[in-house]
Amino acid sequence: MNKETMTGRERVYKTIRHQPVDRMPIDLGCHFSTGISVVAYWNLCKYLGFDTDDIEMPDCVQCLARVSDAVAERFHIDTVLLNPPWPNPWRWTMREPYTFTVPETFTPRLRDDGAWIMESGEYRLEMPAGGFFFDGGWPGFIRMSHEDNMKFYAQRAKQLYEETDRFTMYMGYGAYFDGLDFACDMLTDPDGSKAYNEERLTSSISHFDDLNKSFGRYIGAVVVNSDLGMQTGPMCSPESYEDVCYPYLKRFCDHVHAESDLKVFLHSCGSIAKLLPLIVDAGVDILNPVQISAADMDARSLKSAFGDKVTFWGGGCDTQHVLWALPPEGVAEHVRGQVAALKPGGGFVFNMVHNIMGNVPPENIIAMLDTAYEESWY
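A. Fine view of the pattern of salt bridges. Scanning the model with the defined rule gives 19 salt bridges in all. Across the salt bridge formed by R11 and D78, the nearest N and O atoms sit 2.6 Å from each other. Taken together, the residues R11 in helix α1 (residues 8-16) and D78 in the loop between α3 (69-74) and β1 (89-95) connect sequence positions 67 residues apart. For the pair R11 and D78, a shared accessibility class is recorded, and that class is buried. With a shortest N-O distance of 2.9 Å, D243 and K194 are connected by a salt bridge.

Shown next, in the form of structure tokens:
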């Protein structure tokens, strides 16, 4: 019989370092691209007989759930979300029976046609009737000074370190690429784009130094977010990326590694295989979400080319074509194939490709996570 010999935190640390572990780690909800819709989560909890009365929504744009200890234990989850619970929360009913805990600064209004509208500063968010998430921007819902925000996160990080045995990370840095408009700027005004990245690098390093001093010892990684890929390929050429983006990502990674034991986790959707040599050389330790449905992102090919150089955090289940669409046994079969491709030799944390959407049946979520655990042992 297989037996766990490590804590979740130790298991993830060793996996990132490509050291032997008892089993492959499993993540659900450590990052806002590795989580689960509050609707799918409510349905899952209801199906399992767990409490549905106190589900918190820590991401009010994508409408993601905070994974409870009960659900984490049921599915052998090795990670936990760092973001602190909302101060001064209230209860928002998206639609019956779905009611969730949200921050006081989240103030959507229901339109006559059933759509939800949320206005916050320059942002105007909208969720259509029957929808599962908002579209239209990313306002901040915690309004604190930098110093107070550092204290807020430090208290949470220390609590998680002392009271749980799970791995956590800090989300909040860019990766020096800002989408298609920026890709055009890289071609038409490369010097201006570099100057912009230089400013961001200075700001990110200063912020990281404050974070590292305040609570770096309690977390395992910092996240840089930068969607670089489309379904068919990168949004920019490798040559342009190397000129405008790579030097700044490398300098940030070098600084994090020189000043701490923390790892750098890069989130980038889409087909980014052609950029991976540069991303890996820049010093990125962890790659997410490993969008296996995009061009050139076959799991076995990625593992063969980069498996000894980077940890794949994702790619365990295709959410675009499989998780919502196939019966549970089809999901399980797919997961077994992905684990077989990515687990050998370590350097793989199981997670699906991006978040579980609100229309995914509980049976399929259970099939995915239970199969991942069954196939996790080394």
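There's more to say after this.
B. Structural detail: the layout of surface pockets. Estimates place the volume of the largest pocket at around 1700 Å³. Along the walls of the largest pocket sit 49 residues, with F32, D59, Q62, W138 and N225 positioned nearest its centre. Listed by contribution, the elements that provide at least two residues to the lining of the largest pocket are α4 (146-163), β6 (169-174) and α6 (190-215). For the lining of the largest pocket, the leading source of residues is β6, giving five residues. Its residues assigned to classes, the lining of the largest pocket shows 22 nonpolar, 21 polar and six charged. As a volume, the second largest pocket reaches approximately 500 Å³. Lining the second largest pocket are 27 residues; nearest its centre among them are E56, R66, V67, S68 and D69. Only α2 (38-48), α3 and α4 provide two or more residues apiece to the lining of the second largest pocket.

C. Molecular detail of unusual backbone geometry. Residues E96 and P97 are joined by a peptide bond in cis, for which omega reads 0°. Following the sequence through the fold, P97 ends up in the loop between β1 and β2 (98-103). Residue P289 follows N288 across a cis peptide bond; omega there is 5°. Following the sequence through the fold, P289 ends up in the loop between β9 (286-288) and α10 (299-306).

The rules we used
- Residues numbered from 1 in each chain as written.
- Predicted model: local features only at pLDDT ≥ 70, side-chain atom pairs only at ≥ 80, totals over all residues.
- Heavy atoms only, no water.
- Salt bridge = Lys/Arg side-chain N within 4 Å of Asp/Glu carboxyl O.
- Helix = DSSP H or I, 4+ residues; strand = E, 2+ residues; numbered from the N terminus.
- Buried < 20%, exposed > 50% of the residue type's maximum accessible area, 1.4 Å probe, protein only.
- 1 Å grid on protein atoms, 1.4 Å probe; cavity = no way out; pocket = protein on both sides within 12 Å on 5 of 7 lines; lining within 4 Å.
- Points joined across faces, edges and corners; volume = space filled by probe spheres on them.
- Nonpolar A, V, L, I, M, F, W, Y, C, P; charged D, E, K, R; others polar.

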